[in-house]
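# Inside the fold
The chain contents come next:
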Amino acid sequence: MSRTTRTLIRGAEVVVTMDDTRREIAGGDVLVENGKIVAVGENLPREDATVVDARGCVVTPGLVNTHHHLFQTLTRAVPAAQDAALFGWLRTLYPIWSRMTPDDIRLSAEVGLAELALSGCTCSSDHLYLFPNGSRLDDSIEAAQRIGIRFTATRGAMSIGESKGGLPPDALVEGEAAILKDSERVVDAFHDAGEGAMVQVALAPCSPFSVSRELMRDAAILARKKGVRLHTHLAENDEDVRYSLDNFGMLPGDYAESLGWTGDDVWHAHCVKLSVPEIDLFARTGTGVAHCPCSNARLASGIAPVRAMRDAGVPVGLGVDGSASNDCSHLGLEARQAMLVARLRDGPAAMGAREALEIATLGGARVLGRSDIGALKPGMQADLVLWDVSELPLAGQWDPVAALVFCAPVRPRVVYVAGRAVVGDHRLLTADPRDLRGRAEKAVARLAG
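All figures in this text were calculated on a predicted structure; none of them were measured in a lab.

### Digging into the overall build of the protein
Helices and strands together make up the secondary structure of the protein, namely 14 helices and 19 strands. Over its C-alpha atoms the protein spans a radius of gyration of 21 Å, differing by no more than 12% from the 22 Å that the globule rule assigns to 449 residues. Overall, the C-alpha framework of the protein stretches about 65 × 45 × 45 Å when taken along its three principal axes. When each of the 449 residues of the protein is scored for burial, the buried share is 61%. When contacts within the protein are restricted to residue pairs at least 6 apart in sequence, those whose partners lie at least 24 apart make up 74%. Total accessible area computed for the protein in this model is approximately 16700 Å², and 51% of it derives from carbon and sulfur atoms. Treating the 47 positive side-chain charges of the protein as one cloud and the 57 negative ones as another, the clouds have centres 3 Å apart.

### Quick notes on the nonpolar core
If you look at the biggest cluster of nonpolar residues, it comprises 139 residues, and the most contacted ones within it are Val59, Trp89, Trp97 and Leu386. Residues in contact with valine 59, not counting those within four places in the same chain, are Ile9, Ala12, Val14, Val15, Val16, Val30, Ala54, Leu376, Leu384, Val385 and Leu386. Val64, Ala202, Ala290 and Ile373 belong to the second largest nonpolar core, which has ten residues in total.

### Quick word on helix α5 (residues 213-226)
Taking 1.5 Å per residue as the helical rise, α5 with its 14 residues ought to reach 20 Å, and the 20 Å between its terminal C-alpha atoms agrees with that figure. Listed as buried for α5 are Leu215, Met216, Ala219, Ala220, Leu222 and Ala223. Looking at the buried residues of α5, the elements they touch are β10 (150-157), α4 (176-190), β11 (199-205), β12 (229-234) and α7 (252-258). Positive phi shows up at glycine 227, right after α5, with a value of about 75°.

### A closer look at the environment of asparagine 247
Looking at the secondary structure, you find asparagine 247 in helix α6 (residues 238-248). Distance in space between the C-alpha atoms of asparagine 247 and glycine 396 is 55 Å, their sequence separation being 149 residues.

### Topic: the pairing of strand β18 (residues 420-424)
Strand direction decides the pairing type here: strand β17 (residues 412-417) and β18, joined by four bridges, are antiparallel. Bridging from a neighbouring strand, tyrosine 416 pairs with alanine 421 of β18. Count of turn residues in the β17/β18 antiparallel hairpin: two residues, of which alanine 418 carries a positive phi of about 55°. In this sheet, strand β19 (residues 427-428) lies alongside β18 in antiparallel orientation, the contact comprising two bridges. Counterpart to valine 423 in the pairing with β19 is leucine 428. Here β18 hands over to β19 after two residues, with aspartate 425 in that stretch at a positive phi of 55°.

### Here we look at the packing of aromatic side chains
In the structure shown here, the tally under the stated rule is eight aromatic pairs. Ring pairs connect the aromatic residues Phe71, Trp89, Tyr94, Trp97 and Tyr129, which therefore count as one cluster. Geometry around phenylalanine 131 places arginine 155 over its ring, the cationic atom sitting 4.2 Å from the centre.

### Focus on the sheet that holds β18
With mixed pairing, seven strands are arranged side by side in an open sheet as β3-β2-β7-β16-β17-β18-β19. Each edge of the open sheet carries a strand with a single partner, namely β3 (24-26) and β19.

### Focus: the pattern of salt bridges
Across all of its chains, the model carries 38 salt bridges by this definition. Residue arginine 23 is joined to aspartate 19 by a salt bridge in which the shortest nitrogen-to-oxygen separation is 3.4 Å. A salt bridge links arginine 106 to aspartate 103, with the nearest nitrogen and oxygen atoms 2.7 Å apart. Of this pair, arginine 106 and aspartate 103 both sit in helix α2 (residues 102-118), three residues apart, which is roughly one turn of that helix. Owing to a relative accessible area of 52%, aspartate 103 belongs among the exposed residues under this scheme.

### As for the sheet that holds strand β6 (residues 50-53)
Spatial strand order, β5-β4-β1-β6: four strands in an open sheet with mixed pairing. Here the strands that pair on one side only, and so sit at the sheet edges, are β5 (36-41) and β6. Strand-to-strand twist in this sheet, taken as the mean axis angle between neighbours without regard to direction, amounts to 20°. Across four bridges, strand β1 (residues 6-10) lies against strand β4 (residues 29-33) in antiparallel orientation. Bridge pairing in β4 places arginine 6 opposite glutamate 33.

Procedures and definitions
Residues numbered from 1 in each chain as written. Predicted model: local features only at pLDDT ≥ 70, side-chain atom pairs only at ≥ 80, totals over all residues. Heavy atoms only, no water. Helix = DSSP H or I, 4+ residues; strand = E, 2+ residues; numbered from the N terminus. Rg over C-alpha atoms; globule rule 2.2 N^0.38 Å. Buried < 20%, exposed > 50% of the residue type's maximum accessible area, 1.4 Å probe, protein only. Contact = heavy atoms within 4.5 Å. Areas by Shrake-Rupley, 256 points an atom, 1.4 Å probe, with all protein chains shown as cover. Lys, Arg positive; Asp, Glu negative; His and termini not counted. Charge placed at Lys NZ, Arg CZ, Asp CG, Glu CD. Core = buried A, V, L, I, M, F, W, Y, C linked by side-chain atoms within 4.5 Å. Expected span 1.5 Å × (residues − 1). Pairing = 2+ DSSP bridges. Phe/Tyr/Trp six-rings, centres within 6.5 Å; stacked < 30°, edge-to-face > 60°. Lys NZ or Arg CZ within 6 Å of the ring centre and 35° of its normal. Salt bridge = Lys/Arg side-chain N within 4 Å of Asp/Glu carboxyl O. Axes fitted to C-alpha atoms, helices over the stretch in contact; angles between N-to-C directions.

Have a look at this one:
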């Protein structure tokens, strides 16, 4: 018989539940049993639980990252790509990425996921769309299992190289039959459809300018046959929209719809340039959006119309995007940026701190199709963060919940995934950061050589 384990998180400054009423409990407690939340309230009985003192902390659901390219963590701040827009940025980095090995893919993912955990992220997706030198999706999944956060691994792909009018070099594209065969393999090998899943798989042809219509359509058919989600980039900037109009004769959202790429099992990254009719299409079909404000600003792609999307009913989550275009993996900073650019676009009341925090938690869970995370209430997975609001950078705040966003970055004191601490006392517990940094520096020196 398995042993029951209980943890009582007691006496938080505020517990932010993100439940149906968005309840916030001053001095609140959270009781966790065997990796799930069994009670949230005030003065909960100890019930033989290990007690964690949460004084000086705000407790929230774990943050959810809906778009990343973890393989890019080893190519931060590359000089020749620092001041380029999307297409030029890609052309600069493709040759570097083509030199990566399976060990590089695995290490890059470990570093990125460790950084995410230290930012309060408990669930991340990853869009791996190139597989140089024998790399496989398995490599990034192995990294996620080592770091210990939930993972939606998306099997990306590029099939249209430069010789056929696409953007990527021919050496980085794959044959479409091989893509579909490996997509089926990784779903069968790794996807867990059950409650509390630690690893899920989605299918994710990279973008309309790097794969064919046929692959987009066939991937959608395969995903629905297998019961997994679909993900790609869409309407990221003006070049992206122009490519769609020139090559397909329609806007990106309409192109997606024509190939079966709308629905509540689909989410698209960026969507900076969605028109009002496209927003209505996404709202009507339940199609999700991964909002990546830092990357969109870094590449000068624009500001996504998130206020209009949210008002229409489009599911929206946050994504840090790859660390070659952000160039960090900090979801707290992403929430702050989302709030700030929404105000820059639509005025000072366009987005408040609590809405940004909701998008970073419950919103991301919905975009990834997860009903078992994103809120603190009985029956949910015990993915939660104790944010330390007692430190000097928070001194003088009047509203500790809003301060998580306005004053970001705020350091997590403890991060739990399924009731297991992956960060404790502000330190990563599942890997040695010094070892990761040392190995990353050696890999970068080789890739740059």
